[in-house]
Amino acid sequence: MSPLVTRRDFLRATSQVGLGVALGGGLALADPARPGARVVLVRDPQVLDSEGRIRPKVLGSMLDEGVKVLLGVGDPNEAWAQLISSQDVVGIKSNVWHYLPTPRELEEAIVTRLKGLGVGPERISVDDRGVRSNPVFQRATALVNVRPLRTHFWAGIGGCIKNYIMFVPNPSAYHPDGCADLGAVWKEPLVKGKTRLNLLCAITPQFYGRGPHFFDRRYTWPYCGLILSLDPVAADSVGARLLASKRTEHFGEDRPLDVTPHHIEVAERVHGLGISDPSRIQLLKLGWMEGSLI
Amino acid sequence: MPAGRDFLSFLWIFLGLVCFQAHGLLQAGAEQKGGGMAGPGLPEQVGQWRLEGQEESYNPETLFDYMDGAAELYLAYNFRSLKTARYSKGEGPRIVVELYEMASSEDAFGIFSFEREDKEVGVGQGSEMGGGILRFWKGRYFANLYGEEEVPETSILALGKALEALIQEQGRPPQLLALLPEPSQGLEPKSVRFFRNHVCLNQRFFIANKNILLLGPETGGVLALFSGPWGRVHLVMVQYPSQEKAGAAEASFRSAYMAEAGQKGRLRTEDGRWTGAVREGDIWVGVFGARSEEDLAEILDMVLGRIGKR
């Protein structure tokens, strides 16, 4: 059972949080002796054309640059080869949410790179709602986790951790306490130990939710970014900070996420899934940084 | 817009109203997803917008199929059933209409108030329109109308008014609202939100991750913002089914949130502001963020004065 946390705890910690965010934005870990995580933010305003459509070539370049820096190598093919072998069976866990799905162009860019590694098309599948019955996902040896970054009504944010909810037969069983236990999903046999890359699509993230399906197009913006990490918790931690910062900028006041996205912290503390503490996340920023907010 | 086009628009809407009223009497069959609701139907046609395909219906067990996690919000407000349909002009984007039946008009008001932030547009007993979404409540019903993509707001509004006309009943907003101070006393009307559980309260004003106010389906609470010489404060008022339960909630809150305040019921929090809580019979009141202890006392007295007159 999680401990009692009140408004007063947040009031008490406000100055410390501010400090933590400031430290987390740097290029070095606060304490190199403690284990940390690396997250790459890559942005390019040219990824969207004047009508808001994605330019696949620009997106592909962003993806390659991000993976290169994430793995610290000079060549994108080498980077992808470190993630996936030609013998792997690869499930690309996407997100089909009608209002803000994983862009088809991003799915295709990933598939193209997998094929380039020699993974046969019969051993690649892109899916969301049907992953449990999808034969490729059932025998997958590797997963690529890719979804848009957005606020989520019941979990605070919809990020990499939450994206695996479709791997369980009863998603609503994870709703209690603001979806605190989402990290447990990653222990499911279909998932455990298989994820090679986590990718938050922040091309047009949603920073505030409203309306019948928690979507209001006024609250998305052309951030033109991708957030990549081997650590889903670290990726979500960075994503949560980005959304919170955008809310503050947009509303002119500190308007927190509707639900505290404590499932991110619980994923670290209870499930050991990754790093949530911003001071232990090395955030590497590439490309266009105007209005990066983090 | 030329006068002739104004007249044509009027004619379309008039003809549409005639059509949907006929449809209201001759209900088309709805595709059932776990059982539908009795009560008002959806209009067949309004202006050039015609119902496409069949209505769909959902109940508390199947609502997750329709809206995933957001269903929790509706269930928290005692959701009973949903009718939904799409309207099109033959080409271009469609308008989605959702009509929710809640257990009571308090719940219908509650779900409406939870996300209210845009301008009132005069539909039902309370409404707003913004971002291409029309939301209104009337009786036990709450409605959402929105374009799947960009759709003129006038079209959504016409459809909303047609739907409202099919809802015959009037509802009563939560009685607690009458106990709130007046706008002239600093109340920000659009900030008023009715809630039943701590998760919904926390989404608008976080107090604690646990249910320290012992909220549940049989309690009703109001959250509101007040502005005045004291700055801007949050007021939380909860009505319990009995004085005993209100007393238990009072004790729970004091223990979990302000143990060091003792029986005084007020203290200065870590941000330098003041928080206080009092109980009057079956009603608990908390004020958060007052600039001084004197301001806090003034606000609490103002609220207690209203409660005492009920």
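Residues numbered from 1 in each chain as written. Chains lettered and ligands numbered in written order. Predicted model: local features only at pLDDT ≥ 70, side-chain atom pairs only at ≥ 80, totals over all residues. Heavy atoms only, no water.

### Looking at the interface of chain A and chain B
Filter applied, for reference: Every residue pair with non-hydrogen atoms within 4.5 Å of one another is taken to be in contact. When two components associate, each loses some accessible surface as probed by a 1.4 Å sphere; the sum of these losses over both components is called the buried area. Salt bridges are counted wherever a side-chain nitrogen of Lys or Arg sits within 4 Å of a carboxyl oxygen of Asp or Glu. Secondary structure counts use DSSP, requiring at least four H or I residues in a row for a helix and at least two E residues in a row for a strand, with both numbered from the N terminus. Just so you know the grouping, Ala, Val, Leu, Ile, Met, Phe, Trp, Tyr, Cys and Pro go in nonpolar, Asp, Glu, Lys and Arg go in charged, and all remaining residues, Gly too, go in polar.
On the side of chain B, 46 residues touch chain A, which itself brings 36 residues to the contact. Of the roughly 3400 Å² buried between chain A and chain B on both sides combined, carbon and sulfur atoms contribute 49%. Applying the counting criterion to the chain A and chain B interface returns 5 salt bridges. The element contributing the most residues to the side of chain A that touches chain B is helix α1 (residues 7-24) of chain A, with 5 residues. Residue composition of the side of chain A that touches chain B, by class: 15 nonpolar, 9 polar and 12 charged.

### What to know about the domain arrangement of chain B
Residue and element names in this part refer to chain B. We apply this condition: What counts as a domain boundary in this text is fixed by an automatic or database domain assignment.
Parsing chain B into structural domains produces domain 1 (45-166) and domain 2 (175-308). Computed from C-alpha coordinates alone, the two centres of domain 1 and domain 2 are separated by 31 Å. The interface is formed by 16 residues belonging to domain 1 together with 14 residues belonging to domain 2. Taken over both partners, the interface formed by domain 1 and domain 2 buries close to 1200 Å², and the fraction arising from carbon and sulfur atoms is 47%. Considering only the surface of domain 1 that becomes buried against domain 2, Glu106, Phe114 and Arg116 emerge as the three largest contributors, covering 45% of it. One can count 2 salt bridges joining domain 1 with domain 2. In this structure, Asp107 engages Arg196 in a salt bridge whose closest nitrogen and oxygen atoms are separated by 2.5 Å.

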